[in-house]
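Chain by chain, the residues run as shown.
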Amino acid sequence: MKKEYSWAVTSFNRALEVNKKSIVALLGRGDLYLAKGEEIAALADFDAVLKLDKRNYQGYMGIGKARFQQANFKLAIENFKNARALNKQDPYLYQYLMLSYASLSDVKEVKKAYERFQEIATENQRTAMAKDRRFVVALELAKRP
């Protein structure tokens, strides 16, 4: 797996040597850094994307995910909200909002994010979330009376 990440990062680095403003390469490399747990490097790439395109949904999502992985839930939520302003139809956005709000024990916001997820998610996405252990606490909070 490490070889594949290394090869992919090298490929994105080469693409950026050709075009330093390649949003596709910056997003791809940022996602790889996130997968490797290198949040600071990922943040640099996603920030570079937003400097090139202030309305880039994936850039805000990437920063939100990096901040979430760093356990900086307030900044994660801020960036997920920025992403939501650009695209309200991504169910995964609401999953991240649920997890972030659950980490802050904000039951009201967990419920709102859960309800929106339920509205727009496919049956397969709902089933997958129900089976995913990461969502146990968030789902428990969302379903509270």
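The structure displayed is predicted, hence computed values, not measured ones. Each chain carries its own residue numbering, running from 1 in the direction its sequence is written. With pLDDT at 70 or above as the cut-off, local features in this predicted model cover only qualifying residues; side-chain atom pairs require 80 or more to be listed or tallied, and sums for whole chains, interfaces and linings still use all residues. Here the side-chain values reflect all heavy atoms present in the structure, with hydrogen atoms and water set aside.

S.K.: Which residues make up the nonpolar core, and what are the values?
M.R.: If you look at the biggest cluster of nonpolar residues, it comprises 42 residues, and the most contacted ones within it are Leu93, Leu97, Met98, Val110 and Met129. Only α1 (2-18), α2 (23-35), α3 (39-52), α4 (57-69), α5 (73-86), α6 (91-103), α7 (107-120) and α9 (136-142) provide two or more residues apiece to this core. Every helix listed is a DSSP run of H or I at least four residues long, and every strand listed is a run of E at least two residues long, numbered separately from the N terminus. Broken down by element, the residue count for this core peaks at seven residues, all from α6. Contact between two residues is taken to exist if any of their heavy atoms lie within 4.5 Å; hydrogens are not considered. When neighbours within four sequence positions are excluded, methionine 98 is seen to be in contact with Val110, Ala113, Tyr114, Met129, Ala138 and Leu139. The definition of a nonpolar core used throughout is a set of buried Ala, Val, Leu, Ile, Met, Phe, Trp, Tyr and Cys residues joined through side-chain atoms within 4.5 Å. Accessibility here uses a 1.4 Å probe with only protein chains present; expressed as a share of the type maximum, an area under 20% marks a residue as buried, one over 50% as exposed, and anything in between as partly exposed.

S.K.: I'd love a proper account of the layout of surface pockets, names of residues and values included.
M.R.: Points on a 1 Å grid over protein atoms alone make up a cavity when a 1.4 Å probe fits among them but cannot get out, and a pocket when they form an open set with protein on both sides within 12 Å along at least five of seven lines; lining residues each have an atom within 4 Å of a point. Grid points are joined across faces, edges and corners, and a volume is the space filled by probe spheres set on the points. Its boundaries defined by the atoms lining it, the largest pocket holds a volume of some 160 Å³. Forming the boundary of the largest pocket are Leu27, Asp31, Leu34, Ala35, Phe46, Gln58, Met61, Gly62 and Lys65. For the lining of the largest pocket, the elements supplying multiple residues, two or more each, are α2 and α4. Partitioning the lining of the largest pocket into residue classes produces five nonpolar, two polar and two charged. Amino acid classes used here: Ala, Val, Leu, Ile, Met, Phe, Trp, Tyr, Cys and Pro are nonpolar; Asp, Glu, Lys and Arg are charged; the rest, including Gly, are polar.

S.K.: Describe in detail α3, supporting the description with residues and values.
M.R.: An ideal rise of 1.5 Å per residue puts 20 Å on 14 residues; α3 measures up with 20 Å between its terminal C-alpha atoms. All buried positions along α3 are accounted for by Glu39, Ala42, Leu43, Asp45, Phe46, Val49 and Leu50. The buried residues of α3 occupy one face: seen down the axis, they fall within an arc of 165 degrees. Among the exposed residues of α3, those pointing more than 90 degrees away from its buried face are Ile40 and Lys51. In the core, the buried residues of α3 are packed alongside α2 and α4. Helix span is expected to be 1.5 Å times the residue number reduced by one. Think of it as the arc spanned by the lines of direction from the helix axis to the C-beta atoms.

S.K.: Describe in detail the packing of aromatic side chains, supporting the description with residues and values.
M.R.: Aromatic rings considered in pairs are described by the distance between their centres and by the relative angle of their planes. Two rings from Phe, Tyr or Trp (for Trp, the six-membered ring) form a pair when their centres are within 6.5 Å of each other. A pair whose planes differ by under 30 degrees is stacked, one over 60 is edge-to-face, and the rest are tilted. Applying the stated criterion across every chain, the model contains three aromatic pairs. Taken together, a centroid distance of 5.4 Å and an interplanar angle of 65 degrees make the contact between phenylalanine 68 and phenylalanine 73 edge-to-face. An angle of 80 degrees between the planes, with centres 6.0 Å apart, marks the rings of phenylalanine 68 and tyrosine 96 as edge-to-face. Of this pair, phenylalanine 68 sits in helix α4 while tyrosine 96 sits in helix α6; the two residues are 28 residues apart in sequence, bridging distant segments of the chain.

S.K.: Lay out unusual backbone geometry with the relevant residues and their values.
M.R.: What you tend to see is this: most non-glycine residues have negative phi, and most peptide bonds are trans. Backbone geometry at alanine 71 places phi at a positive 65 degrees, although glycine is not the residue there. With respect to the helices and strands, alanine 71 occurs in the loop between α4 and α5. In this structure alanine 71 comes out as partly exposed when scored by relative accessible area, which is 48%. Phi at serine 105 is positive, roughly 60 degrees, even though this residue is not glycine. Tracing the sequence through the fold places serine 105 in the loop between α6 and α7. By relative accessible area, serine 105 is classed as exposed at 57%.

S.K.: Summarise the side chain of arginine 29; cite the residues concerned and give the values.
M.R.: Relative to the helices and strands, arginine 29 resides in helix α2. Dropping the residues within four chain positions of it, arginine 29 is found in contact with Val9, Phe12, Asn13, Leu16 and Asp45.

S.K.: How would you explain the pattern of salt bridges if you had to name every residue and give the values?
M.R.: In a structure, side chains of opposite charge can pair up when their charged atoms sit close to one another. For this document, the term salt bridge refers to a Lys or Arg side-chain nitrogen within 4 Å of an Asp or Glu carboxyl oxygen. Applying the stated criterion across every chain, the model contains seven salt bridges. Here arginine 126 ties to glutamate 123 by a salt bridge, and the two come within 2.9 Å at their closest N and O atoms. Of the two residues, arginine 126 and glutamate 123 are both situated in helix α8 (residues 123-131); the distance of three residues between them amounts to about one turn of the helix. We classify glutamate 123 as exposed; its relative accessible area is 52%. Residue aspartate 132 pairs with arginine 134 through a salt bridge whose shortest N-O separation is 2.7 Å. Judged by its relative accessible area of 22%, aspartate 132 falls in the partly exposed class.

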